[in-house]
Amino acid sequence: MSDSTGETLKSVATAGLVQFQKSQEEVEIHSWSLVRTAAQMQRTVDAIAKTGGLVLFTLVDPQLRDALVKGCAKHRIGYIAVLDPVIHAMGKYFGEKARNLPGRQHELDAEYFARIDAMHFTIAHDDGQHTEDIDKADIVLVGVSRTSKTPTSIYLANRGYKTANVPIVPGLSLPGELHGSCQPFVVGLTTSPDRLVMVRRNRLIAMNQQAETDYVDIEQVRAEVAEARKICGKYNWPVIDVTRRSIEETAAAILNLYAKRQEQLKEQQAGGDCL
């Protein structure tokens, strides 16, 4: 239950549930968002009383919190105020009392518009499009076909990073703009040839195309993956193996590398040089 969109709770609940076997089949999630009046709270408590379970909530209004806690206690339902430990610790550290304003993280601030701008850039620069201004990207992902470049780019864009992706195609040169001294930050994505063949074959089947071509020939794919690694090594681009990674894990690894690279850039620029 949330007085805002509930996205924070969904993330926390999902992260917790994956640690338990029963969560895969037996757990049903009920969501109540934008609960901001006494009448809405009463209806929600009545619904919770019928469903039972464990209540995770983010509520900043003291009266609404009190109504929920009393309702849960009355019906003997467990509850967790998810953000309380974080807010209390921050308040102690900053020496400041929290403002208790719902949905502040979703206000239309500069960060929000930066994410929208990043998303537009990323969509326009998907799959090797518009490489003439690719130097404006924060991050560029390169790799052979079906190495999760597009979904990873979209995820990074949603975090506010202008991300382009360029396929490494046998026999074709990469855009010269990728070889600049400072921008952008290029990361290679790779995967195991066996996994790649399976993904590509499923893709061809879904598109009702011939499923036996060089595109899915294991020897050709191995050579393709090896050549891509060689190209990344030539330009000293870091490579991430996405075989056993989710999109979120891949993006986290990329952002760790990006942060390190930004620190290196600061040091180089302070000395009058650039990477």
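Here's a quick rundown of the structure. Owing to the predicted nature of the structure, the values given are computational and were not obtained by experimental measurement.

## Re helix 6 (residues 149-158)
Thinking step 1. For helix 6, the set of buried residues is Lys149, Thr152, Ser153, Leu156 and Ala157. Around the axis of helix 6, the buried residues are gathered within 140° of arc, so they sit on the same side.
Thinking step 2. Backbone geometry just downstream of helix 6 places Gly160 in the positive-phi region, at approximately 100°.

## Brief notes about the nonpolar core
Thinking step 1. Residues Val140, Val142, Ile168, Leu174, Leu178 and Trp237 are the most contacted members of the largest nonpolar core, which totals 22 residues.
Thinking step 2. Every element with two or more residues in this core is listed here: strand 3 (139-143), strand 4 (163-167), helix 7 (193-206) and helix 8 (218-234).
Thinking step 3. No other element matches helix 8, which puts five residues into this core.
Thinking step 4. Look past the residues within four positions of Val142 in its chain and what remains in contact with it is Lys149, Val166, Ile168, Leu178, Val186, Val187, Gly188, Leu189, Cys232 and Trp237.

## Here we look at the packing of helix 2 (residues 38-51) against helix 3 (residues 62-74)
Between two packed helices, both the angle of their axes relative to each other and the distance between the axes serve to describe the pair.
Thinking step 1. Running from N to C, helix 2 and helix 3 cross one another at 20°; their axes reach a closest spacing of 10 Å. Regarding the angle of helix 2 to helix 3, the classification is roughly parallel. Remark: the crossing between helix 2 and helix 3 carries right-handed chirality. From helix 2, Ala38, Met41, Val45 and Ile48 reach across to helix 3, where they touch Leu64, Ala67, Leu68 and Gly71.
Thinking step 2. Looking at the contact of helix 2 with helix 3 residue by residue, the classes come out as seven nonpolar, one polar and no charged.

## A look at the packing of aromatic side chains
Thinking step 1. In the structure shown here, the tally under the stated rule is five aromatic pairs.
Thinking step 2. Arranged with centres 5.4 Å apart and planes meeting at 75°, the rings of Tyr93 and Phe94 form a pair that is edge-to-face. In terms of burial, Tyr93 and Phe94 fall into one category: exposed.
Thinking step 3. Measuring from ring centre to ring centre gives 5.4 Å for Tyr161 and Tyr258, while their planes differ by 80°; the resulting arrangement is edge-to-face. Taken together, the positions of Tyr161 in the loop between helix 6 and strand 4 and Tyr258 in helix 9 (residues 247-270) put the pair 97 residues apart, joining distant regions of the chain.
Thinking step 4. Aromatic ring contacts, followed pair by pair, group Tyr161, Phe185 and Tyr258 into a single cluster.

## Observations concerning the pairing of strand 5 (residues 185-190)
Thinking step 1. Within strand 5, six of the six residues are buried, leaving the element largely enclosed by the surrounding structure.
Thinking step 2. In strand 5, alternate side chains face the same way, and those of Phe185, Val187 and Leu189 on one face and Val186, Gly188 and Thr190 on the other are all buried.
Thinking step 3. Alignment of strand 3 against strand 5, held across four bridges, turns out to be parallel. Across the sheet, the residue bridging to Ile139 is Phe185, located in strand 5.
Thinking step 4. Here strand 5 runs beside strand 6 (residues 239-241); their pairing, made up of three bridges, is parallel. By the bridge assignment, Leu189 is partnered in strand 6 with Ile240.

## Topic: the pattern of salt bridges
Thinking step 1. Enumeration according to the criterion identifies seven salt bridges in this entry.
Thinking step 2. The shortest N-O distance in the salt bridge between Glu263 and Lys266 comes to 3.8 Å. In this pair, Glu263 and Lys266 both sit in helix 9, three residues apart, roughly one turn of the helix.

Definitions and cut-offs
Residues numbered from 1 in each chain as written. Predicted model: local features only at pLDDT ≥ 70, side-chain atom pairs only at ≥ 80, totals over all residues. Heavy atoms only, no water. Buried < 20%, exposed > 50% of the residue type's maximum accessible area, 1.4 Å probe, protein only. Helix = DSSP H or I, 4+ residues; strand = E, 2+ residues; numbered from the N terminus. Arc of directions from axis to C-beta. Core = buried A, V, L, I, M, F, W, Y, C linked by side-chain atoms within 4.5 Å. Contact = heavy atoms within 4.5 Å. Axes fitted to C-alpha atoms, helices over the stretch in contact; angles between N-to-C directions. Parallel < 35°, antiparallel > 145°, perpendicular 65-115°, else oblique. Left-handed = near helix turned anticlockwise from the far one by under 90°. Nonpolar A, V, L, I, M, F, W, Y, C, P; charged D, E, K, R; others polar. Phe/Tyr/Trp six-rings, centres within 6.5 Å; stacked < 30°, edge-to-face > 60°. Pairing = 2+ DSSP bridges. Salt bridge = Lys/Arg side-chain N within 4 Å of Asp/Glu carboxyl O.

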